[in-house]
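The chain contents come next:
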Amino acid sequence: MQNIFDTHAHYASRRFDADRDALLGQALPAGGVVGVLECATHSGDCAAVLALARTYPYIHAALGIHPESLGEADAPTLAVYQGDWKAELAAIRPLFDDPAVVAVGEIGLDHHWPLPEQAQLDLFEAQLQLAAELGLPASIHDREAHGEMYELLRHYKPKGVLHCYSGSAEDAAWLTAQGLCLGFGGSVTYKNAKRAARVLAAIPRECAVLETDCPYMAPEPVRGTRNDSRNIAHVAACIGQLWDMPAQAVLDLTAANARRVFGV
């Protein structure tokens, strides 16, 4: 059967150029994929993300500016807007009127790479404000930035998904109590995923959703290959062992959670 809803994907990536139409038009639906949240990372992605959502009924669009765009020379944030993210955000603002857009994302904070910290904070805060203004959930990226991230999440209390959750079980408790869902993907299947197991044991199951972050983060046993939404079946099997429930039941539950969060 399968009932896979991938809450974080990047099929607009160049790594899908060779076979994107065949994959999205045939292979994914045949593989049991019923929903995908396709996430933009800057204004240069938005047209492609919207085109995918308009073409394939099971794909939904999230638009936003990723913090890494502040440090990538070829991203429009620098190449077109010379770092003026306010102008870039204003340019994509009208696109949120498209009914294919169901979330603000991918947005967040990233301290793994040498990115301007104040600009990241200001950009993230502005997009949290936009999500609140539009009444949309957010798809949120948090990499090695828990302190500042949690401060802003406590303040704005956004709805949506903290994608690729990497925090503690203790923090997961208040984040989910506040209304956020947590995203789990390929890393759950890795041998060192003890923290994720503790989190999954601690949170309400209605607050868990599944994701790929494709083309990245493929799970075991296909780790190292180009990821796609069908591989969520491996993640569900792993979580099913932790939850003592069939993988199909995990897929059904998390797909229902995703539909609730994104209103689709």
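Whatever comes next refers back to the structure up there.
The shown structure was predicted, so the numbers you read here are calculated from the model rather than taken from an experiment. (Residues numbered from 1 in each chain as written. Predicted model: local features only at pLDDT ≥ 70, side-chain atom pairs only at ≥ 80, totals over all residues. Heavy atoms only, no water.)

Break down the packing of aromatic side chains for me, with residues and values.
This model, assessed by the stated rule, comprises three aromatic pairs. Where Tyr-11 meets Phe-16, the ring centres are 4.8 Å apart and the plane angle is 55°; that geometry is what we call tilted. Of the two residues examined, Tyr-11 and Phe-16, each falls in the buried class. For the pair Tyr-150 and Trp-174, a centre-to-centre distance of 5.5 Å together with 85° between the ring planes defines the contact as edge-to-face. (Phe/Tyr/Trp six-rings, centres within 6.5 Å; stacked < 30°, edge-to-face > 60°. Buried < 20%, exposed > 50% of the residue type's maximum accessible area, 1.4 Å probe, protein only.)

Outline the sheet that holds strand β4 (residues 101–110), supporting the account with residue identities and numerical values.
Across the sheet, eight strands lie side by side as β1-β2-β3-β4-β5-β6-β7-β8; this open sheet has parallel pairing. On the outer flanks of this sheet lie β1 (4–9) and β8 (208–210), each paired with one strand and no other. In this sheet, adjacent strand axes meet at a mean angle of 25° when their direction is disregarded. Relative to β8, strand β7 (residues 180–184) is paired through three bridges, and the arrangement is parallel. Directly across from Gly-183, in β8, lies its bridge partner Val-209. Lying over the sheet, helix α2 (residues 43–55) contacts β2 (33–39), β3 (59–63) and β4, oriented at roughly 160° with respect to β3. (Pairing = 2+ DSSP bridges. Helix = DSSP H or I, 4+ residues; strand = E, 2+ residues; numbered from the N terminus. Axes fitted to C-alpha atoms, helices over the stretch in contact; angles between N-to-C directions. Contact = heavy atoms within 4.5 Å.)

Please provide a residue-by-residue account of helix α7 (residues 169–177), values included.
Residues of α7 that are buried: Ala-169, Ala-172, Trp-174, Leu-175 and Thr-176. For α7, the secondary structure elements touched by its buried residues are α6 (146–156), β6 (160–163), β7 and α8 (194–202). Among the residues trailing α7, Gly-179 stands out with phi positive, at a value near 115°.

Hey, could you go over the packing of helix α9 (residues 232–243) against helix α10 (residues 247–262) for me, with residue numbers and the actual values?
Orientation of α9 relative to α10, taken along the N-to-C sense of each, is 105°, at an axis distance of 8 Å. If you check the angle between α9 and α10, you find them roughly perpendicular. Facing α9, whose interface residues are Ile-232, Ala-236, Ala-237, Ile-239, Gly-240 and Trp-243, α10 presents Ala-247, Val-250, Leu-251 and Leu-253. Partitioning the contact of α9 with α10 into residue classes produces nine nonpolar, one polar and no charged. (Parallel < 35°, antiparallel > 145°, perpendicular 65-115°, else oblique. Nonpolar A, V, L, I, M, F, W, Y, C, P; charged D, E, K, R; others polar.)

An account of the environment of Glu-133 is needed here, citing residue identities and associated values.
Note on placement: Glu-133 falls in helix α5 (residues 117–134). Within polar-contact distance, the side chain of Glu-133 engages the side chain of Arg-93 at 3.2 Å. (Polar contact = N/O pair within 3.5 Å; in protein donor to acceptor, adjacent residues only side chain to side chain.)

For the pairing of β7, give the residues involved together with the corresponding values.
Most of β7 sits inside the fold, with five of its five residues counted as buried. By the alternation rule, side chains of β7 split into Leu-180, Leu-182 and Phe-184 and Cys-181 and Gly-183, which are all buried. Pairing analysis gives three bridges linking β6 to β7, with the strands arranged parallel. Each bridged residue has a counterpart across the sheet, and for Gly-160 the counterpart in β7 is Leu-180. Chirality of the crossover, the property in question, places the unit of β6, α7 and β7 among those that are right-handed. Tracing the backbone out of β7, into α8 and back to the parallel element β8 gives a crossover that is right-handed. (Right-handed = clockwise from strand over helix to strand, strands pointing away.)

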